[in-house]
Amino acid sequence: MDIQRVNPCANWSDATVFNNMVHFVEIAADPEGNMLSQTEQLFAQAEATLASVGSDKSRLLSVTIYVTDFANVAVFNQAWQAWLPEGCAPSRACLKVELADPKYLVEIAFVAAVK
């Protein structure tokens, strides 16, 4: 199978599709907002990325969530539960990290099945 790279540049691709699975990472387009604002941006961006490769949030297989402060996890979890379709929660890890820009509060790496 061929590897499909969506919008590749020198350092990354927006998404990579191989063997009917898509891998991609999202950060907030506008990092000025609080945790809820950044999380909602990530979800909207993830839905657009998934749609662009023929998938959707019900087909998520795994996510790795990177947060800069565990105090924000409760806000994230509330938004996460409201965003996911019932019965479609993927496997997940949540790590406390230092992100490349201190304005970013959350980053998510997604893996999903492609239809």
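By the naming in an unreviewed UniProt entry, the protein goes by Endoribonuclease L-PSP and is assigned to Shewanella pealeana.

Caption draft 1: A look at the layout of surface pockets. Here the largest pocket is characterised by a volume of approximately 390 Å³. Taken together, 18 residues line the largest pocket, and the ones lying closest to its centre are W12, D14, V25, E26 and I27. Elements with a minimum of two residues in the lining of the largest pocket: β3 (21–27) and α1 (35–52). Tallying contributions element by element places β3 first for the lining of the largest pocket, with four residues. In terms of residue class, the lining of the largest pocket is made up of nine nonpolar, five polar and four charged.

Caption draft 2: Region of interest: the packing of α1 against helix α2 (residues 73–83). Remark: α1 packs on α2, axes separated minimally by 9 Å, with the N-to-C direction vectors making an angle of 30°. Considering only the axes of α1 and α2, their crossing is right-handed. Contact with α1, carried on its side by M35, L36, T39, F43, A46 and E47, involves V75, F76, A79, W80 and W83 of α2 and no other residues of that element. Of the residues in the contact of α1 with α2, the class split is nine nonpolar, one polar and one charged.

Caption draft 3: Local environment of the environment of V75. Mapped onto the fold, V75 is located in helix α2. Once you skip the residues sitting within four places of it in the chain, V75 turns out to touch M35 and L36.

Caption draft 4: Broad picture of the pairing of strand β5 (residues 91–96). Note that strand β4 (residues 60–67) and β5 share six bridges and pair parallel. Across the sheet, Y66 pairs through a bridge with L95, a residue of β5. In this fold, β4 hands off to α2, which returns the chain to β5; that crossover is right-handed.

Rules of the game
Residues numbered from 1 in each chain as written. Predicted model: local features only at pLDDT ≥ 70, side-chain atom pairs only at ≥ 80, totals over all residues. Heavy atoms only, no water. 1 Å grid on protein atoms, 1.4 Å probe; cavity = no way out; pocket = protein on both sides within 12 Å on 5 of 7 lines; lining within 4 Å. Points joined across faces, edges and corners; volume = space filled by probe spheres on them. Helix = DSSP H or I, 4+ residues; strand = E, 2+ residues; numbered from the N terminus. Nonpolar A, V, L, I, M, F, W, Y, C, P; charged D, E, K, R; others polar. Axes fitted to C-alpha atoms, helices over the stretch in contact; angles between N-to-C directions. Left-handed = near helix turned anticlockwise from the far one by under 90°. Contact = heavy atoms within 4.5 Å. Pairing = 2+ DSSP bridges. Right-handed = clockwise from strand over helix to strand, strands pointing away.

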